[in-house]
Amino acid sequence: MHYFEIKKGWLWCEGVRTVDIAKKTGTPVYIYSHRTLAEHYLKMDEAFSATEHLICYSLKANSSMAIVGSLAKLGAGADIVSGGELYRALRAGIPAGKIVYAGVGKTPEEIEAALRKGVAMFNIESMPEAEAINRIAGKLRKKVNVAFRVNPDVDANTHHYITTGKKENKFGININLALNLFIKAHRKLNNLNVTGVHIHIGSQITKIEAYVRALLKISALIKKLRGAGLDITSLNIGGGLGIIYSNESPATPAEFAEKILPVIHPLGVSLIMEPGRFIVGNAGILLTKVTYVKNGESKNFVIVDAGMNDLIRPSLYDAYHNIIPAQPASGKMKADIVGPICESGDFFGKDRTLPSLKADQYLAVMSAGAYGFSMASNYNSRRKPAEVLVKGNKFFVVRKRETYEDLARGECLPENL
Ligand SMILES: *Cc1c(COP(=O)(O)O)cnc(C)c1O
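Residues numbered from 1 in each chain as written. Predicted model: local features only at pLDDT ≥ 70, side-chain atom pairs only at ≥ 80, totals over all residues. Heavy atoms only, no water.

Visitor: Just to check I follow, could you spell out the sheet that holds strand E3 (residues 16-17) for this structure?
Guide: Think of a sheet as strands paired side by side through backbone hydrogen bonds, with each pair either parallel or antiparallel. Pairing within the open sheet is antiparallel, and its three strands lie in the order E1-E2-E3. Only two strands of the sheet have a single partner each, and these edge strands are strand E1 (4-7) and E3. Across four bridges, the pairing between E1 and strand E2 (residues 10-13) is antiparallel. Directly across from Lys 7, in E2, lies its bridge partner Trp 10. (Pairing = 2+ DSSP bridges. Helix = DSSP H or I, 4+ residues; strand = E, 2+ residues; numbered from the N terminus.)

Structure below.
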């Protein structure tokens, strides 16, 4: 579901023609639909309305201020994984009391900053981390709510780089060791309130069965923890709900809720969710312009002005993104859509059938809202692209394209070298 639509050959985002945006900002440019973003959030919220819950938007999917701030206004919390994301979440207006902090490698400085700001909860991934948080909380004379991330050892059937809930992954605590570890932390680490259990089994998950399997295991664990005297009051089920990139048919939030709530309800816990991709994935596109069409011996290449530094998902995960013309085009050609970067992995699509393309034609790489800009880099000394948020028939440049000065900011050549 999204509000990008072709009308008479032109690609519109809500009430704005995307090419009109490109004429103002140049390309490449990320374009986001506010309505798509908001509706995804609200659908999730609605699906879980029967149970006490907090949706902590996962900032790593897209941490741009306009995105996070829009969600903050709708009441979202945040799932963060670094001090930088803490800064961004707070700056975009998410209250500290709605922020949960995950990640395997939180540094002492990051832990201290999060404690000082008063985040709702730490999602702890190991005993040494629990000890560090306990020590720093003690120094600050604070007591903090924590959950342990448990690795339930289920296969989410997704790309191996984005499956996280199997025992060979680096994330969380093995479910067979979890009981003892929770009890030890509860008894020995006096500055921690061990009140939660956290799981996050992977990303771009289209079948709910893996969640149900994981939650059945977690439900049994919560009962044992309570039997051992721990007051478990919250369950964080992570993110991972998939979206449509090509022909997937992911579960809707309503179907998701229908299948998992029967396992969660009897536990009487408050529910935390950390969707990232589901909220923002289909709410954004990357608009780019054809620089050259190169007819090779065995293949045609459409060389565009966006590169893998702007959107790395095809290169990194072999991810599929639909690519469509953003303005009327006729004829037919088969081509690889590639960027200008000096890497063979710099492509957006291979062997795609498209209209006959020429230089200056605008193309849209669809479903690029999640893990797009947030993974962008300056490789090949390319400036990070602009970002635009559309709402109705208005659009706002919410991030300017970087300048060449930005590229060298903070650098120097030492004198007397
Ligand atoms: C990445 C991540 C998420 C978000 O995953 P999506 O697939 O984008 O929903 C949520 N929680 C944790 C702990 C994560 O690492």
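Visitor: Help me understand the packing of helix H8 (residues 209-227) against helix H9 (residues 253-264), please; the structure alone is not making it clear to me.
Guide: What describes two packed helices is the angle between their axes and the distance between those same axes. Close contact between H8 and H9 brings their axes to 9 Å; oriented N to C, the two are set at 10°. It follows that H8 is roughly parallel to H9 by the angle criterion. From H8, Glu 209, Tyr 211, Val 212, Leu 215, Leu 216 and Ser 219 reach across to H9, where they touch Phe 256, Lys 259, Ile 260, Val 263 and Ile 264. For the contact of H8 with H9, a count of residues per class yields eight nonpolar, one polar and two charged. (Axes fitted to C-alpha atoms, helices over the stretch in contact; angles between N-to-C directions. Parallel < 35°, antiparallel > 145°, perpendicular 65-115°, else oblique. Contact = heavy atoms within 4.5 Å. Nonpolar A, V, L, I, M, F, W, Y, C, P; charged D, E, K, R; others polar.)

Visitor: Could you clarify how one ought to interpret unusual backbone geometry in this entry?
Guide: Trans peptide bonds make up the majority, and among non-glycine residues the majority have a negative phi. Cis geometry is adopted by the peptide bond preceding Pro 28, which originates at Thr 27 and carries an omega value of -5°. Assignment of secondary structure puts Pro 28 in the loop between helix H1 (18-25) and strand E4 (29-33). Positive phi outside glycine occurs at Asp 318, with the angle close to 55°. Checked against the element boundaries, Asp 318 lands in the loop between helix H11 (313-317) and strand E16 (323-325). Overall, the relative accessible area of 62% leaves Asp 318 in the exposed class. Positive phi values are uncommon outside glycine, yet Asn 416 reaches one of about 55°. Residue position: Asn 416 is located in the segment after helix H12 (404-407). Relative accessible area serves as the criterion here: at 81%, Asn 416 is assigned to the exposed category. (Buried < 20%, exposed > 50% of the residue type's maximum accessible area, 1.4 Å probe, protein only.)

Visitor: Looking at this model, I keep getting lost on the domain arrangement of the protein chain. Mind explaining?
Guide: How large an interface is tends to be reported as the accessible area lost when its parts come together. Each assigned domain of the protein chain is listed here: domain 1 (4-32 + 281-407) and domain 2 (103-273). Placing the centre of domain 1 and that of domain 2 at their C-alpha centroids yields a distance of 36 Å. Contact with domain 1, which involves nine residues of that partner, is made by seven residues of domain 2. Carbon and sulfur atoms supply 59% of the area that domain 1 and domain 2 bury against each other, a total of about 730 Å² over both sides. It is Asn 282, Tyr 317 and Tyr 320 that lose the most area in domain 1 upon contact with domain 2, and together they represent 52% of the buried surface on that side. Run the count over domain 1 and domain 2 and you get zero salt bridges. The interface formed by domain 1 and domain 2 holds zero residue pairs in polar contact (both at pLDDT 80 or more) in total. (Domains from an automatic or database assignment. Buried area = accessible area lost by both parts, 1.4 Å probe. Salt bridge = Lys/Arg side-chain N within 4 Å of Asp/Glu carboxyl O. Polar contact = N/O pair within 3.5 Å; in protein donor to acceptor, adjacent residues only side chain to side chain.)

Visitor: Please clarify how the side chain of Thr 51 should be interpreted in this entry.
Guide: As for its position among the elements, Thr 51 is in the loop between helix H2 (34-47) and strand E5 (53-58). According to the relative accessible area criterion, Thr 51 is buried, its value standing at 11%. If we skip the residues at most four places from it in the chain, Thr 51 touches Leu 261, His 265 and Leu 271.

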